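Each chain, written out:
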Amino acid sequence: MPVTRSEIDELRIQNFKFFPKLDKPIILDGRHLLLFGENGSGKSSIYWALYTLLECANKEDVAEIKKYFDHTDEERLTNVHIKHGTADWVEPFIEITFKDGSAPYKVSFSDTAIKENTEAQESNFSSDFINYRNLLSLYNFAHSEDVDLIGFFNYAVFPYVKFPPVKIGTKSVGGVSEDVFEIKANKLLDLILKGPEKKLKTKLSKDRFPVTKDTEFSDYKNIVDGFINGLRQLLTYINTEGNEILKKDLGYNFGFELKLDWERQIKPSKRYLNSNNDLITVERFPNKIAAIKESYFYKHPFFLSEQKFERPYFKIWLSVTDYENERDVVKKPHSFLNEARLTALGLSIRLAVLKKSLSDVAKLKLLALDDLLISLDMSNREKVLNLIFEKISTNIKYLS
């Protein structure tokens, strides 16, 4: 059921990044906010405060929240100029209040309740935080390399999207077995990378991984297949909507395609398993290795035997499909396209993801941009600003 959207009234930041003791809140009064100022004046600290606040809503481990506000933790984000134990020390926190007077969102070392707030979780999915450094991964490839955006997706996409429900196992509720499902893309990927547990027993009572006959094998395969299916649907959506943003909204005369690939990085070995799980050797069956690889090794994106697990490695290849009405003329997009075009391409991907992720049950929809226009000349900046204010701002709030 849709919820009534709310707007930020005040933003309160204390002892976080640039900010010292809270003196006065930043008053938004439900409006869009444009920030400008000298380097080091605290603009990015506001961006990171909002990012941290909403990200904490979807963290499962309290320790992963507390570390940002713990003066002893190496990953702390507290103000380096305020020393713990001195008279200047105050508890670090981030808080936003709403125009409708509803309960604020707040996070601190002692207050981690936001991770149980389903409204805040949905708000995180319906928000995005984009800065110049986010988009650098589109440029950071050697000329000889192909562009694999899986790192970009791990950081900037998977935390913000939901896939169709994927069964990840079962649980017992009151003595009745119930299926357990997951929809968060990053959680599914975590389960894939972690792999199945080596807790079953061989006939000799040694620990082993599940194999094809085991329910745990089917559960893991279902997670992998569900993730791949969801990711393919997402890439199809991005290829359609992202190209429309790039060409129609931003006015660039080129197109792109994202394509999913996967592989297992298996080390060469003289020992192989055939489709019946029989152990053979290259020396005994030299003419059958190609057939064995085809029939067994690529049956799944992963490999599981009783004593070995090889996880899948996903890749998302970026290609330029057309450039100024000519097809397949750009082979190395990161070398051919200038920084403005690469920035526009990256922004088109991110905005397409945001469009897909917007939820009717999100109380807050927020787009925070930090130094995004730094690589663009004035004409290209105008295109981005027109897109934001004429189309996107009707659904979300804009901060920069």
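If you're wondering where the values come from, they're calculated on a predicted model, not measured in any experiment.

Conventions used here
Residues numbered from 1 in each chain as written. Predicted model: local features only at pLDDT ≥ 70, side-chain atom pairs only at ≥ 80, totals over all residues. Heavy atoms only, no water. Pairing = 2+ DSSP bridges. Helix = DSSP H or I, 4+ residues; strand = E, 2+ residues; numbered from the N terminus. Axes fitted to C-alpha atoms, helices over the stretch in contact; angles between N-to-C directions. Parallel < 35°, antiparallel > 145°, perpendicular 65-115°, else oblique. Left-handed = near helix turned anticlockwise from the far one by under 90°. Contact = heavy atoms within 4.5 Å. Nonpolar A, V, L, I, M, F, W, Y, C, P; charged D, E, K, R; others polar. Core = buried A, V, L, I, M, F, W, Y, C linked by side-chain atoms within 4.5 Å. Buried < 20%, exposed > 50% of the residue type's maximum accessible area, 1.4 Å probe, protein only.

Trainee: Could you give me a rundown of the pairing of strand 6 (residues 162–173), with the residues and numbers involved?
Mentor: In terms of strand pairing, strand 6 meets strand 7 (residues 176–184) through eight bridges, oriented antiparallel. Following the sheet pairing, Lys 162 is matched in strand 7 by Lys 184. Between the antiparallel neighbours strand 6 and strand 7 lie two residues, among them Gly 174 with a positive phi of about 60 degrees.

Trainee: Account for the packing of helix 7 (residues 215–249) against helix 10 (residues 339–357), naming residues and giving values.
Mentor: The description of two helices packed together rests on the angle between their axes and the distance between the axes. Interaxial distance between helix 7 and helix 10 falls to 8 Å at its minimum, and their mutual angle equals 120 degrees. In terms of their interaxial angle, helix 7 and helix 10 are classed as oblique. Of the two possible hands of crossing, helix 7 and helix 10 adopt the one that is right-handed. Two secondary-structure elements touch here, helix 7 through Leu 234, Tyr 237, Ile 238, Glu 241, Gly 242, Ile 245 and Leu 246 and helix 10 through Ala 344, Leu 345, Ser 348, Ile 349, Leu 351, Ala 352, Val 353, Lys 355 and Lys 356. When grouped by side-chain class, the residues that make up the contact of helix 7 with helix 10 number 11 nonpolar, two polar and three charged.

Trainee: So, the nonpolar core: which residues are in play, and what are the values?
Mentor: Core analysis: the largest hydrophobic core is formed by 65 residues, its most contacted members being Leu 149, Phe 153 and Leu 258. Examining the composition of this core, we find that 12 residues originate from one element, helix 7, more than from any other. Ignoring anything within four residues of it in the chain, the contact list for Phe 153 reads Phe 158, Pro 159, Leu 234, Leu 235, Ile 238, Leu 258, Ile 316 and Ile 349. Ranked by size, the runner-up nonpolar core spans 32 residues in total, among them Ala 57, Phe 69, Phe 129 and Tyr 160.

In short, shape yes, function no, at least from these values alone.
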